[in-house]
Amino acid sequence: EYCYRVDAAAPMTVTGFRLYTQAVGSWPVIVPAGLYRADAQGVPEDLPAATGTMTVDVQPGFYDVTLSVPVTVQSGETFFVGSQTGTVLTSTLILA
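Residues numbered from 1 in each chain as written. Predicted model: local features only at pLDDT ≥ 70, side-chain atom pairs only at ≥ 80, totals over all residues. Heavy atoms only, no water.

A. Representation of the environment of Thr55 in the model. Tracing the sequence through the fold places Thr55 in strand β4 (residues 50-56). Here Thr55 falls in the partly exposed class, since its relative accessible area comes to 48%. A C-alpha to C-alpha distance of 8.4 Å links Thr55 and Val65, two positions ten residues apart in sequence. The contacts of Thr55, once residues within four sequence positions are left out, are Val29, Ile30 and Tyr63. (Helix = DSSP H or I, 4+ residues; strand = E, 2+ residues; numbered from the N terminus. Buried < 20%, exposed > 50% of the residue type's maximum accessible area, 1.4 Å probe, protein only. Contact = heavy atoms within 4.5 Å.)

B. Structural context of the nonpolar core. Counting residues in each nonpolar core, the largest one holds 21 residues, and the members touching the most others are Phe17, Leu35, Met54, Val56, Leu67 and Phe79. Mapped onto this core, the elements with two or more residues apiece are β1 (2-7), β2 (12-21), β3 (29-37), β4, β5 (61-73) and β6 (78-83). Here the element with the most residues in this core is β5; it accounts for five residues. (Core = buried A, V, L, I, M, F, W, Y, C linked by side-chain atoms within 4.5 Å.)

C. Geometry of the sheet that holds β6. One open sheet accounts for four strands, arranged β1-β6-β3-β4; its pairing is antiparallel. For this open sheet the edge positions go to β1 and β4, each flanked by a neighbour on one side alone. Across this sheet, the average inter-strand angle for adjacent strands is 25°, counted without regard to direction. Two elements, β3 and β4, share seven bridges in a ladder whose sense is antiparallel. By the bridge assignment for β4, Val29 is matched with Val56. (Pairing = 2+ DSSP bridges. Axes fitted to C-alpha atoms, helices over the stretch in contact; angles between N-to-C directions.)

D. Layout of the pairing of β6. Taken across its six residues, β6 has six buried, putting it largely inside the fold. Going residue by residue along β6, you find Thr78, Phe80 and Gly82 tucked away on one face and Phe79, Val81 and Ser83 tucked away on the opposite face as well. As paired elements, β1 and β6 share six bridges and run antiparallel to each other. Bridging from a neighbouring strand, Val6 pairs with Phe79 of β6. As paired strands, β3 and β6 are joined by five bridges and run antiparallel to one another. Looking at β6, one finds that Leu35 is bridged to Val81.

This is the structure in structure tokens:
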């Protein structure tokens, strides 16, 4: 799994995110994704605060993840979003 670090500049509720990526191979894939809170050392916790899936096509583009539950984060809080990468190329992040 590959995660992107996010430092919240303001309080927010995250309901999903978008990643710019593409499937490796000849067909679309569905990959697990999640939002992880930072632990005391500033790295992702072992278990996600919320999960979702992302259907990724073979064409590069932005693909959406809708989280199973909204996650409220405070200003200055660090969290991470990511997806499994075994069947997709490393991606770029946009929060929803």
